[in-house]
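# Fold and geometry: a report
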Amino acid sequence: MGGLRRRVILPMDASYKWVYPNENQTLLNENPPPSYRFLHDKIQQAFYSSMDETQRVQSHRTVAEEFIQHFTEEEVEEHLFSIVQHLNVAQSLLTTSEQQGLIKWNRKAGDKAKRAAAFEAALTFYQHSFHLFQADKWQADYDETSKVMLGYGETLYLNRNFDEAEAIFEEVLVHARTNQEKLSIYNLKIQLYTYIHEVKQATNAGLTGVGLFGLTIKDHPGKALVAKEYLLTKLALGKKNGEDLLNLPAVTDDNQRLIMRTLINTNAPTYHVDQNLATILMLRALRLTIKYGDMDLSALVYNNYALTLSAGFGDYNGSYQFGKLAIQHVGDSGDTALEARVYFVFGSFVNHWKQPIRYNLDYLERSQQLSVETGNLHLAGATGAFIGLTHLLKGDNLSEVKEGIERQITLAQVNEFVISSDFLQEILDWIAVLSEPDRQPNWEFPDLTDDMSVAIMHKTLRLQMSFLLNNQSEAVTLMEELEPIVDKMMVLIIAPEYFFYQSLWLTKLLTKCEIPKKTAYKKLRRNVKKLKKWATHAPVNYLHKYLLICAELEKLANNEVKAGRYYHQALQHAEENEFLQDMAIANHCAASFYLSINLPKTAKSYVTEAYNSYIAWGSGSYCTTNER
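### Observations regarding the packing of aromatic side chains
Scanning the entire structure with this criterion turns up 29 aromatic pairs. Between the aromatic rings of Trp534 and Tyr542, the centroid separation amounts to 6.2 Å while the plane-to-plane angle is 50°, which identifies the pairing as tilted. Considered together, Trp534 and Tyr542 belong to a single accessibility category, that of buried residues. Site record: aromatic cluster; members linked through ring pairs are Tyr316, Trp353, Tyr498, Phe499, Trp534 and Tyr542. The side chain of Lys112 reaches across the aromatic face of Phe81, ending 5.0 Å from its centre.

### Some remarks on helix 28 (residues 517–537)
Given 3.6 residues per helical turn, the α-helix brings residues three or four places apart onto the same face. Taking 1.5 Å per residue, 21 residues should reach 30 Å; helix 28 reaches 30 Å between its end C-alpha atoms and fits that length. By the burial criterion, the buried members of helix 28 are Ala520, Leu524, Asn527, Val528, Leu531, Trp534, Ala535 and His537. On its buried face, helix 28 is in contact with helix 19 (316–333), helix 27 (495–511) and helix 29 (539–556).

### Describing the confidence of the model for the chain
Looking at the chain as a whole, the pLDDT averages 87, with 89% of positions reaching at least 70. Taking the mean pLDDT of every element in the chain, the minimum, 53, falls on helix 2 (residues 25–30) and the maximum, 98, on helix 29.

### A look at the nonpolar core
With 180 residues, the main nonpolar core has Phe322, Phe349, Leu463, Leu492, Leu504, Leu548 and Ile585 as its most contacted residues. In terms of residue count, helix 17 (residues 275–292) provides more of this core than any other element does, ten residues in total. Apart from residues no more than four positions distant in its own chain, Leu548 is found in contact with Phe500, Leu504, Tyr567, Ala570, Ile585, Ala586 and Cys589.

### Things to note about the pattern of salt bridges
Overall, the coordinates contain 21 salt bridges when judged by the stated rule. Salt-bridge contacts for Glu170 lead to Lys189; the nearest nitrogen and oxygen are separated by 2.7 Å. With Glu170 in helix 11 (residues 162–175) and Lys189 in helix 12 (residues 179–195), the pair connects residues that are 19 residues apart, well separated along the chain. Residue Asp296 pairs with Arg261 through a salt bridge whose shortest N-O separation is 3.1 Å. A residue pair is termed long-range when its members are at least 10 positions apart, and Asp296 in the loop between helix 17 and helix 18 (298–313) and Arg261 in helix 16 (residues 254–271) qualify at 35 residues. Among the residues examined, Asp296 registers a relative accessible area of 29% and is labelled partly exposed. Taken together, the shared-partner salt bridges connect Arg107, Asp111 and Glu144 into one network.

Quick notes on the rules
- Residues numbered from 1 in each chain as written.
- Predicted model: local features only at pLDDT ≥ 70, side-chain atom pairs only at ≥ 80, totals over all residues.
- Heavy atoms only, no water.
- Phe/Tyr/Trp six-rings, centres within 6.5 Å; stacked < 30°, edge-to-face > 60°.
- Buried < 20%, exposed > 50% of the residue type's maximum accessible area, 1.4 Å probe, protein only.
- Lys NZ or Arg CZ within 6 Å of the ring centre and 35° of its normal.
- Helix = DSSP H or I, 4+ residues; strand = E, 2+ residues; numbered from the N terminus.
- Expected span 1.5 Å × (residues − 1).
- Contact = heavy atoms within 4.5 Å.
- pLDDT = per-residue confidence, 0-100.
- Core = buried A, V, L, I, M, F, W, Y, C linked by side-chain atoms within 4.5 Å.
- Salt bridge = Lys/Arg side-chain N within 4 Å of Asp/Glu carboxyl O.

Put into structure tokens, the structure is as follows:
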């Protein structure tokens, strides 16, 4: 009571009045003890410093025991971190049995921290549990050991300790008792490999996992097998509409739920390995959903089916409908981590085939925000690359594009997402070339990863720059490298840019008689067919591109009236939808056309408009000095 008399300790409630030395012991035993606090933190620190190590450790144990004895379950949960920290300091005073109990205390604290996305703190708690294990941990308490090891492995992964995480998962796999437990571990391995972009290993982990349940899928399926799976899926869907799918009963078979979850988780890395395989994974997942019922990840099934419909089968209306269905489904679930994934797919691969490309940013920025909030830093980094690319594609002023990309690079570098930061840095380098008069282009590039989609994004960007900077030899090389792979990755938002710039180069090479006509026109007919389809479904994004290529073809055919009309329409639509870079290109092409038919004054007006468009875009200091 001396502390109270000296006023260095203050009571937190009135119950202290009824407790005196050796009196009212029954009252003290039946009720929580009075609460006190030090008058000032420095007094507490001074008091703690005056204690020797033994007294300190004992006081931590006493505090923890008082909390555990007198707190309700809800209060224990509320003060869990504090209790566990006190127990950890007092570990040396605990009996062997109590130390085994401390394993569970730390595991529960780790679970709570992980749920709150406090991954560093969670790792500390799991690590403490891990170091308390005895050699016979798996035999002594299998269930608790499994929980600790899975939490430890996951938080090692979330804190970028990838090698250690892999070793932990391998140990858990060795001791797992059921296929369901093993498949859960394979799902965590999929996440680990995806995060470090070991996409082949992630894919193999997924296929191995579902193989435990007899689900065999060829690792390199052909188009015929994709077509078969697609027809089976269409039959399973029958006449079901979106409302029918939203009202599916919940899946009750735990094994099937886990299989569907694995198929969905495997899809993302498999997309970078083999698009046919990724398509089959989603088609299988959709059929299982229809057969066994709805689950939280069904939103991703619908989203990826939307992607399959657009990229694989050109069904852009169906794609948009299923994409919207996915957004509605995830909105009803309230799962923000899942919502981030759904918005990413819709904003990166679905929306622009029907709606203005600038709307992609709404979904992508929302996805990135939710990814950061929920700790999915891999997705946040990947989203950054698409945010930067979308800014460039939709025709923003290059200074604004630069500002946006610099923000995304910072995020990607903080999270060590090298693929995104490398791509964004290359965009920045090209912006510097386009906007700074003394900056010369560097056409020597570092080697890319073996990821096909990464190669397409980098090289299509370079193809655009080769056209703007009039580097024909580089363009020919890039087209030769891109042609065999672009058709395999039609899902990419940058794919239309490849067909647009390839077409511009082909017409340019035909004009100069530097390419065989038969070869060039075959490719142009294919490109025009694609551009026309995209223009039909999303005229706001692609109609001006289609019209400009039509104009170039009419110019080659000496159809002057048609060519002039197409140039005018292309410029009109590019201006209406604020594609500044395409306005500049279209004006230059029109100027070249009118000069070729001996109308220099008309050509001069288009050159002036091209100059103004380049200035508006932010690239006038370089592009206008080059011969088109």
